[in-house]
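# Working through the structure, step by step
So you can see what is in the structure, the chains are spelled out below.
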Amino acid sequence: VGVEELNQTSLSHLVLAPNPTSDVALFTFYSQYTDDLIFQVFDILGNLVFTEPISVAADSEKRINMNTSSFVEGVYIYKLSSPSSKFTGRMVINK
């Protein structure tokens with residue numbers, strides 16, 4: 001998984017499995033602080049195809065199970081952001 005870490009102040013260890021995926025993608029990350037986050041997925045054209053607000057407690061691991069069965073094959077960009085951190089990466093959908 002290619003994950004670009006832009007600023008590591010509160011979020012770390014964002015992992016996507018499996019990648020490539022077909023039906024379900026599991027995103028796991030750790031948050032150092034209590035935070036309100038936004039998780040977004042964009043298609044290759046930049047259209048927002050999934051968004052989920054997430055609240056996390058300090059010093060906790062969080063998991064996001066995303067149903068990808070309705071997504072068409074291709075490359076998607078995911079982004080997890082807080083006021084102080086941002087992670088982006090690529091997800092591949094294979095059917």
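To start, this report covers the structure provided alongside it. (Residues numbered from 1 in each chain as written. Predicted model: local features only at pLDDT ≥ 70, side-chain atom pairs only at ≥ 80, totals over all residues. Heavy atoms only, no water.)

### A word on the overall build of the protein
- From N to C terminus, the protein includes 0 helices and 8 strands.
- Each helix and strand of the protein, placed in order from N terminus to C terminus, yields the pattern β-β-β-β-β-β-β-β.
- Taking the intrachain contacts of the protein between residues at least 6 apart in sequence as the baseline, contacts between residues at least 24 apart amount to 58%.
- Counting every atom, the protein has about 5,300 Å² of accessible surface; 51% of that belongs to carbon and sulfur. (Helix = DSSP H or I, 4+ residues; strand = E, 2+ residues; numbered from the N terminus. Contact = heavy atoms within 4.5 Å. Areas by Shrake-Rupley, 256 points an atom, 1.4 Å probe, with all protein chains shown as cover.)

### Looking at the packing of aromatic side chains
- Considering all chains together, one arrives at 4 aromatic pairs under this definition.
- In textbook terms, an aromatic cluster arises when at least three aromatic residues are bridged by ring pairs, as seen for Phe-27, Phe-39, Phe-50 and Tyr-78. (Phe/Tyr/Trp six-rings, centres within 6.5 Å; stacked < 30°, edge-to-face > 60°.)

### Section: unusual backbone geometry
- For the peptide bond that leads from Ala-17 to Pro-18, omega is -15°, which places it in the cis range.
- Inspection of the secondary structure assignment puts Pro-18 in the loop between strand 2 (11-17) and strand 3 (24-31).
- Residue Pro-20 is bonded to the preceding Asn-19 through a cis peptide linkage, with omega at 15°.
- Along the chain, the position of Pro-20 falls in the loop between strand 2 and strand 3.
- Although it is not a glycine, Asp-59 sits at a positive phi angle of roughly 50°.
- Tracing the chain through its elements places Asp-59 in the loop between strand 5 (48-56) and strand 6 (60-67).

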